[in-house]
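Survey of secondary and tertiary structure
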Amino acid sequence: MKDEAEIDLTPAVSDTVRKTTCYMCACRCGIDVHLKDGRVTYIEGNRDHPVNHGVLCAKGSAGLMQHLSPARLRAPLRRTGPRGSGQFEEISWEDALETARGWLAPLRETAPEKLAFFTGRDQSQSFTGWWAQQFGTPNYAAHGGFCSVNMAAAGIYTMGGAFWEFGTPDWEHARLFLLFGVAEDHDSNPIKLGLARLKERGAKVIGINPVRTGYNAIADDWVGITPGTDGLLVLSLVHCLLKTGRIDTDYLSRFTNAPVLLVSDPKSPDFGLFLRDDAGRPLVIDRRTGKPAAWDAPGVRPDLTGTLRRAGQTHVSVMHRIAERYLSDAYTPEAVAGRCGLPAARIRALAAEIARAAFDAPVVLDRPWTDFRGARHQTMTGRPVAMHAMRGVSAHANGFQTCRAIHLLQILIGAVETPGGMRFKPPYPRPAEAHPRPHSRARPGQSLDGPHLGYPQGPEDLALKPDGSPARIDKAFTWENPLSAHGLMHMVISNAHAGDPYRIDTLFLYMANMAWNSSMNTRGTMAMLADTDDSGAYVIPHVIVSDAYSSEMVAYADLVLPDTTYLERHDCISLLDRPISEPDAAADAIRWPVVEPDRDVRGFQSVLCDLGARLGLPGFTAQDGGPEFRDYADYIMRHERRPGIGPLAGWRMGPNGLQHGRGGPNEAQLDSYIGQGGFFQAHVPAEAAYFKPWNRAYQDWAVGLGLTDKPAPYLFQLYAEPLRRFQRAAEGHGPEQPPDHLRARIAQTHDPLPLWYEPGAARGFPLHALTQRPMAMYHSWGSQNAWLRQIHGQNPLYVPTALMREHGLTDGDWARLTSAHGSITVPVLEMAALNPQTVWTWNAIGKRGGAWALDPGAPEVTKGFLMNHIIHELLPPRGDGLRWSNSDPITGQAAWFDLRVRLEKAAGPEAAIPPQASPVPPAPASRPRTKGS
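What this report covers is the structure whose coordinates are included nearby. Since we're looking at a predicted model, the values are computed, not measured.

A short note on the overall build of the protein
Helices and strands together make up the secondary structure of the protein, namely 24 helices and 35 strands. For the protein, whose C-alpha radius of gyration is 27 Å, the value lies close to the compact-globule estimate of 30 Å for 933 residues. Pairs at least 24 apart in sequence give 70% of the contacts found in the protein among residues at least 6 apart. Total accessible area on the protein is roughly 31,900 Å²; 51% of this is exposed by carbon and sulfur atoms. Taking the 95 positively charged and 98 negatively charged side chains of the protein as two groups, their mean positions are separated by 4 Å.

Dropping the structure here:
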């Protein structure tokens, strides 16, 4: 026995551990990256991180395979074959950057709007947007226009915050949790941790979703609603709560615009707008005096049902209009049940359950606080009903109003920013009027006057040229979609190809796979990118793409600027953009190169710093004409968006040394972040933890940290006055007028109170068709990942049991799925827990042959499919000669989930899109080990 060799049963997986931020989805969890001999060997969760507390999902662990992907681009590329062929030659960075400068410099000096710069899920939009602003083009946005802008904009306009990145359920105090339209790809680890906490405490979870998967599968109750009818269901719940008096009248009178008086004289030019004092402040009736007073006057006690008789006209409060609207028989459960696909008794039971949870056992915290009017409250009392919603309700043409309806429901029961309800994450809450207005005036050789994206307050804020035509290529912030706070990325290529509203010269895309799963009408998009005019020149003359991987879109680029993987670059997850805050702490984070690239690639943000200097852009060019910033890391540490406020809030330089929030640049700032695990936190004081929009302690804390420059309390906007301003214009009032063909649509859809309208036509297509992101995939990246492919290598169409029987289908059969736009053949699989008029599939699985270094026979190519092929960015022609986008008419959100189809049995698979050539070699049978890989 003594001679037996000792076996090490716990060999070390690493000799070095480096802490950074995951990028395998938008959660931005903290990770510990293990290295051995300079190679990444293992990734696990950082137990000290505020987002995930050490929890890591399959995606996060598989970041190792993302970093080692054979699809990684290796050097800058210049196209040598036709667009779409994938034929390129490798060139130097100097050649690549000078080529880009040669295309872009003349545009900046003559017509900067001819550059269309759009980014995908880059999480650095405050930087990329600033670059585009300095260039002077109005044509910039990120992917939110076809992700969840309805959710974000509805939340901002209603409450000054929204679900997910801006807010979260109160996991510690909620007793009832309603989940609307949430898949599994966003916010996954925090939601999983939160659901576990709810289950531990015995709270009830109700899933409202046509599909019962993921989070809905562990719900205590599942409501299999008809797609696109969530808003109708919610407004019926509102009807029931109003009918039974189960609303929080004290909360409504103190903290919302329910008591604000409306101009009720139909002859007034301000009919339907707020009645204001001489200083422009909305008026309420003060219960102490019975007289009108400004809403924010010290000591005022607004009367929820106040009225004012003036000049023979009675002006009523917003609450009057709410009662008139939603107590109507049109919203009874019996009136809406058929369209929602639910029994009326089920709707009444759900309303009763919400009322019991909210009012029979409120959460009371022994925590005094002072509100903005000076009133001292001895406790923090809340309604323990929390709600969360995402793309499932957002990606419909009625998504904006549906999201507003959910917020109306939350606010009526007093369940926002109170214990047990929804809580905001710093730097939110921040109302719409505190955000910039959109800027769009392009001038040769000059920067834009301000940021591209913002929150219009009325027709005067639209992005229109003097002749009334759209200033932006995507037609954002026009009468077609006035509140398009994230732009319309899905319309850029279609509009550019059509020359509507004008021609562009260069399409510059970052991490945006527009030739495949980041667009609707996939085949059409590829055709438009490759189309030529009568002279043989491409209709879109130049296409520049930056990506880390050989995606389908890379094949359509003329110039490819290869990005690094997320383990090889600096990133800034900033309070100016999309931070990692939780309700009890403001927080931001970084990524940093835990390994150096073994390829000739550069981080895209550093490339923009270089390109900005070559173009002489203000802010990017030093006084001596050289680059202002060495690279993106230098920008992160030295740039100030306003004095004392930079991309990162931690470890700034003050007069007496390091300080947080406000302060000057600190050239060792990144070292401090790295030393602290890659993130910074500033905890919210206990007195400021709830009631943030109205809490003096929170407002003062936010000013001190630099989140805002002065206290700015506000009211929740149940009645959205900006919508009424657009509606009044459609009715013919005011100097700015919409085109006649849009008047009726604006008047109907831009209602200042939430409403519901049918999201799409069903003629000839009886079934709803949805896509859903799988928990193990994040957009298109995951299905090239060697580990994640073993979880999802192909995707079936899930079909309800009755439809399977009706069409004679069994598991594994093929069916033809046809929409107004086209048809695809797909493998089917029976699913019982599914709305009976709905079919669905996982998105992002199907791939085009030749992309992502996948084998030509890979199941993602031969069996995977995309619903995108049968969705169009335009609605079917109406015979009026106009191009109507397939979008929400208020925000321009892409209406992916309005897809209607019919189903029939098919003999087998049909021909796929032909493969493209690959600019990277095929994946090796086994990976050679190299330093840094």
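Text resumes after the structure shown.
Structural notes on the state of the cysteines
The final tally for this structure, using the stated rule, is zero disulfides. With no disulfide of its own, C57 lies closest to C25 among cysteine sulfurs, the gap being 5.7 Å.

So, the sheet that holds strand β25 (residues 571-573)
One open sheet accounts for three strands, arranged β25-β26-β29; its pairing is antiparallel. The open sheet terminates on both sides in strands that have one partner only, identified here as β25 and β29 (679-683). On average, each strand axis in the sheet is tilted by 10° relative to the strand beside it, whichever way the strands run. Two strands pair when backbone bridges link them, and β25 and strand β26 (residues 585-591) are joined in this way by three bridges, in the antiparallel orientation. Looking across to β26, one finds that D571 is bridged to R591.

Points about the nonpolar core
Residues W131, L507, F508 and L797 are the most contacted members of the largest nonpolar core, which totals 179 residues. Look past the residues within four positions of W131 in its chain and what remains in contact with it is L104, L115, F117, F508, L608, L611, G612, L615, L617 and F620. Counting 108 residues, the second-largest nonpolar core is a separate cluster that includes F180, I347, V363 and L365.

Considering the packing of helix α4 (residues 125-135) against helix α17 (residues 604-614)
Packed helices, taken two at a time, are described by their axes: the angle between them and the distance between them. Contact geometry of α4 with α17 gives a least axis separation of 11 Å together with a crossing angle of 20°. In this view, α4 runs roughly parallel relative to α17, as classed from their interaxial angle. Crossing of α4 against α17: the hand is left-handed. Where α4 approaches α17, its residues F127, T128 and W131 are matched on the opposing element by F604, Q605, L608, C609, L611 and G612. Class assignment for the residues of the contact of α4 with α17 results in six nonpolar, three polar and no charged.

Focus on the sheet that holds strand β2 (residues 30-36)
By definition, the strands of a sheet pair up through backbone hydrogen bonds, in either a parallel or an antiparallel sense. Pairing is antiparallel across the open sheet formed by three strands, whose spatial order is β1-β2-β3. On the outer flanks of this sheet lie β1 (16-21) and β3 (39-45), each paired with one strand and no other. Shown here is a sheet whose adjacent strand axes are inclined to one another by a mean of 30°, direction ignored. Pairing of β2 with β3 involves six bridges; the strand directions are antiparallel. Paired with I31 across the two strands is G45, which belongs to β3.

Remarks on the pattern of salt bridges
It is possible for side chains of opposite charge to pair when their charged atoms get near one another. Evaluated as defined, the whole model comprises 58 salt bridges. Here D598 and R72 are joined by a salt bridge, their closest N and O atoms 3.9 Å apart. Of the two residues, D598 sits in the loop between β26 and α17 while R72 sits in the loop between α2 (63-67) and β4 (77-79), which places them 526 residues apart along the sequence. Between D500 and R883 there is a salt bridge, with the nearest N and O atoms lying 3.5 Å from each other. With D500 in the loop between α15 (492-498) and β22 (506-510) and R883 in the loop between α24 (859-862) and β35 (900-906), this pair connects stretches of sequence that are 383 residues apart. By relative accessible area, D500 is classed as partly exposed at 23%.

Considering the pairing of strand β10 (residues 204-208)
Regular strands have side chains that alternate between both faces of the sheet. Within β10, four of the five residues are buried, which leaves it mostly tucked inside the rest of the structure. Of the pairings in the sheet, the one linking strand β9 (residues 176-180) to β10 comprises five bridges and is parallel in character. Bridged to L178 within β10 is I206. Examined bridge by bridge, β10 and strand β11 (residues 221-223) share three bridges and lie parallel to one another. Its bridge partner being in β11, I206 is matched across the sheet by D221.

Digging into the pairing of strand β30 (residues 767-772)
β30 sits mainly inside the fold: six of its six residues count as buried. The alternating pattern of β30 places L767, A769 and T771 on one face and H768, L770 and Q772 on the opposite face, and all of these are buried. Sheet analysis places β30 next to β35, joined by two bridges and oriented antiparallel. Along β35, the bridge assignment pairs H768 with R900. Where β30 meets strand β34 (residues 838-842), five bridges bridge the pair, whose relative direction is parallel. Considered in β34, the bridge of L770 is made with W840.

So, the environment of P889
Inspection of the secondary structure assignment puts P889 in the loop between α24 and β35. Separated by 83 residues in the primary sequence, P889 and E806 have C-alpha atoms spaced 36 Å apart. Aside from chain neighbours lying at most four places away, what touches P889 is A397, E480, N481, P482, R745, T749, H750 and Y757.

Section: the packing of helix α8 (residues 230-243) against helix α10 (residues 318-326)
The N-to-C vectors of α8 and α10 enclose an angle of 110°; their axes lie 9 Å apart at closest approach. It follows from the interaxial angle that α8 and α10 lie roughly perpendicular. Crossing angle aside, the handedness with which α8 passes α10 is left-handed. In this structure, α8 contributes L235, V238, H239 and L242 to the contact, and α10 contributes M319, I322 and Y326.

Quick notes on the packing of aromatic side chains
Aromatic ring pairs are described here by two measures, namely the spacing of the ring centres and the angle between the planes. If you walk through the whole model with that rule in mind, you get 41 aromatic pairs. When the ring of F424 is compared with that of F716, the centres are 6.3 Å apart and the planes differ by 85°; the resulting orientation is edge-to-face. On the criterion of sequence distance, the pair formed by F424 in strand β21 (residues 422-424) and F716 in the loop between α20 (696-705) and α21 (721-730) is long-range, its members being 292 residues apart. By relative accessible area, which is 0% here, F424 ends up buried. Ring pairing ties together the aromatic residues Y251, F255, W369, F424, F691, W694, Y714 and F716, which thus form one cluster. Above the face of the Y428 ring, R430 is positioned so that its terminal group lies 5.5 Å from the ring centre.

Notes on helix α3 (residues 93-110)
Here α3 is 18 residues long and its end C-alpha atoms lie 26 Å apart, about the 26 Å a rise of 1.5 Å per residue gives. The sharpest bend along α3 comes to roughly 25°, located at L104, with the proline P106 sitting one to four residues further on. Those residues of α3 not exposed but buried are W93, A96, L97, T99, A100, W103, L104, L107 and R108.

Concerning the environment of H792
Inspection of the secondary structure puts H792 in the loop between β30 and β31 (797-800). Linking H792 and I845, residues 53 residues apart in sequence, is a C-alpha distance of 7.1 Å. H792 has contacts with P774, A776, M777, W842, I845 and E860, leaving out every residue within four places of it along the chain.

Reading the values: rules and limits
- Residues numbered from 1 in each chain as written.
- Predicted model: local features only at pLDDT ≥ 70, side-chain atom pairs only at ≥ 80, totals over all residues.
- Heavy atoms only, no water.
- Helix = DSSP H or I, 4+ residues; strand = E, 2+ residues; numbered from the N terminus.
- Rg over C-alpha atoms; globule rule 2.2 N^0.38 Å.
- Contact = heavy atoms within 4.5 Å.
- Areas by Shrake-Rupley, 256 points an atom, 1.4 Å probe, with all protein chains shown as cover.
- Lys, Arg positive; Asp, Glu negative; His and termini not counted.
- Charge placed at Lys NZ, Arg CZ, Asp CG, Glu CD.
- Disulfide = S-S within 2.5 Å.
- Pairing = 2+ DSSP bridges.
- Axes fitted to C-alpha atoms, helices over the stretch in contact; angles between N-to-C directions.
- Core = buried A, V, L, I, M, F, W, Y, C linked by side-chain atoms within 4.5 Å.
- Buried < 20%, exposed > 50% of the residue type's maximum accessible area, 1.4 Å probe, protein only.
- Parallel < 35°, antiparallel > 145°, perpendicular 65-115°, else oblique.
- Left-handed = near helix turned anticlockwise from the far one by under 90°.
- Nonpolar A, V, L, I, M, F, W, Y, C, P; charged D, E, K, R; others polar.
- Salt bridge = Lys/Arg side-chain N within 4 Å of Asp/Glu carboxyl O.
- Phe/Tyr/Trp six-rings, centres within 6.5 Å; stacked < 30°, edge-to-face > 60°.
- Lys NZ or Arg CZ within 6 Å of the ring centre and 35° of its normal.
- Expected span 1.5 Å × (residues − 1).
- Bend = angle between axes of the 7 residues up to and from the residue.

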